[in-house]
Amino acid sequence: RRSSDLNRYGVEAHSGENCWGTNLGGADVDFAITDLISPAVSLVGGNRARLTFWHQFDFTVPEDGGDDEFGDLTIEAAQVAVSTDDGASWRAVYANLEEATDGWVQESLDLTPFLGQVVRFRFNYQMFAFTSRDRLGWLIDDVGVEMTTVGETGLVVTNNLAQARFVVTGTTDSWVGEGTSWRTNLPSGAYTISWAP
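Residues numbered from 1 in each chain as written. Predicted model: local features only at pLDDT ≥ 70, side-chain atom pairs only at ≥ 80, totals over all residues. Heavy atoms only, no water.

1. Details of the overall build of the protein chain
What counts here: A run of H or I in DSSP counts as a helix once it spans at least four residues, and a run of E counts as a strand once it spans at least two, with each numbered from the N terminus. Burial here depends on accessible area, computed with a 1.4 Å probe over protein chains only, as a share of the maximum for the residue type. Under 20% is buried, over 50% is exposed, and the range in between is partly exposed. The contact criterion used throughout is that any non-hydrogen atoms of two residues lie within 4.5 Å. Note on areas: Shrake-Rupley, 1.4 Å probe, and residue coverage restricted to the protein chains presented here.
From N to C terminus, the protein chain includes zero helices and 14 strands. When the helices and strands of the protein chain are read in sequence order from the N terminus, they spell out β-β-β-β-β-β-β-β-β-β-β-β-β-β. Looking at the 197 residues of the protein chain, the share that counts as buried comes to 33%. Long-range pairs, those at least 24 residues apart, make up 73% of the contacts in the protein chain between residues at least 6 apart in sequence. Summed over all atoms, the accessible surface of the protein chain reaches about 11200 Å², with 48% contributed by carbon and sulfur.

Right, here's the structure in full:
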């Protein structure tokens, strides 16, 4: 829906005239559970994948307080999850850690663990309050999935103790190694080696 005409906060879409929002109509609400679920997306054709989107929210308690003995006790949360079984189950990949954004901000989430599968994305907003009021909620715009192919590189770990054990950890996986020479091919990126005592 057209965002600028439908909320008292004067929020415009990040690009164009339309965005998705949990309360674009400006209704007074005290309870909401809202899901935006994507169509099926194939993550085939690369060895790196990212979900990007722009969003805006303000989950802070309004300064004018509430109209009952509980004040304006409000709980709001925004989460993104991925399903590989057409929505039968969901795996969380994002949850808001801040109470508000400073305008529109972009998120970029690693989807590499889901490579080679068909997925759906769920943008889930939940709110409970003792006071019913017009709340900004969660606004989302410009959602995209980026598939890339990153060349593999050789990773070699050497040491002088034949019984040395270690764990190599990357962004999405870890490997256990042992001995004086260990090697494998992995996508380029940052890796951490932790040695056993």
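Following the structure, the description resumes.
2. Section: the pairing of strand E8 (residues 118–134)
Stated formally: In short, DSSP must find at least two bridges between two strands for them to pair.
When strand E2 (residues 28–37) meets E8, the two strands line up antiparallel, connected through nine bridges. Looking across to E8, one finds that Phe 31 is bridged to Phe 128. For strand E3 (residues 41–42) and E8, the ladder comprises two bridges, and the chain directions are antiparallel. Bridge pairing in E8 links Val 41 to Val 119. Inspection of the sheet shows strand E5 (residues 74–83) paired to E8 by ten bridges, in the antiparallel sense. Paired with Ala 81 across the two strands is Arg 122, which belongs to E8.

3. A look at the confidence of the model for the protein chain
Basically, it comes down to this: Confidence of the predictor at the level of single residues is captured by pLDDT, which takes values from 0 to 100.
Looking at the protein chain, the pLDDT average stands at 84 and 88% of residues meet or exceed 70. Ranking the helices and strands of the protein chain by mean pLDDT puts E3 first, with 96, and strand E13 (residues 181–187) last, with 75.

4. Comments concerning the pattern of salt bridges
Our working definition: What counts as a salt bridge is simple: a side-chain nitrogen of Lys or Arg found within 4 Å of a carboxyl oxygen of Asp or Glu.
Within the structure shown, the criterion is met by two salt bridges. For Arg 50, the salt bridge identified is with Asp 110, shortest N-O distance 4.0 Å. Of this pair, Arg 50 sits in strand E4 (residues 48–57) while Asp 110 is found in strand E7 (residues 105–110), placing the two residues 60 residues apart along the sequence. Classification of Arg 50 as partly exposed rests on a relative accessible area of 33%. Between Arg 120 and Asp 86 there is a salt bridge, with its nearest N and O atoms 2.5 Å apart. You can see Arg 120 sitting in strand E8 and its partner Asp 86 sitting in the loop between E5 and strand E6 (91–95), a full 34 residues away along the chain. A relative accessible area of 57% means that Asp 86 is categorised as exposed.

5. Details of the nonpolar core
This is how the line gets drawn: The nonpolar core is taken to be a set of buried Ala, Val, Leu, Ile, Met, Phe, Trp, Tyr and Cys residues, with the residues joined through side-chain atoms within 4.5 Å.
Ranked by size, the top nonpolar core spans 23 residues in total, and within it Leu 51, Phe 53, Val 80, Leu 111, Phe 121, Phe 123 and Trp 138 carry the most contacts. Secondary structure elements with two or more residues in this core: E4, E5, E8 and strand E9 (138–148). By residue number, the principal contributor to this core is E8, which donates six residues. Judged by nonpolar contacts, the second largest core, of seven residues, contains Val 11, Leu 24, Leu 136 and Leu 139.

6. Some remarks on unusual backbone geometry
Within the chain, Asp 86 stands out as a residue other than glycine whose phi angle is a positive 60°. Residues other than glycine seldom take positive phi values, yet Asp 142 does so here, at roughly 55°. With respect to the helices, strands and loops of the structure, Asp 142 is situated in strand E9.

7. Overview of the environment of Gly 177
Relative to the elements of secondary structure, Gly 177 occurs in strand E12 (residues 174–178). Residue Gly 177 is classed as buried on the basis of its relative accessible area of 2%. As for Gly 177 and Phe 166, which are separated by eleven residues in sequence, their C-alpha atoms are 5.3 Å apart.

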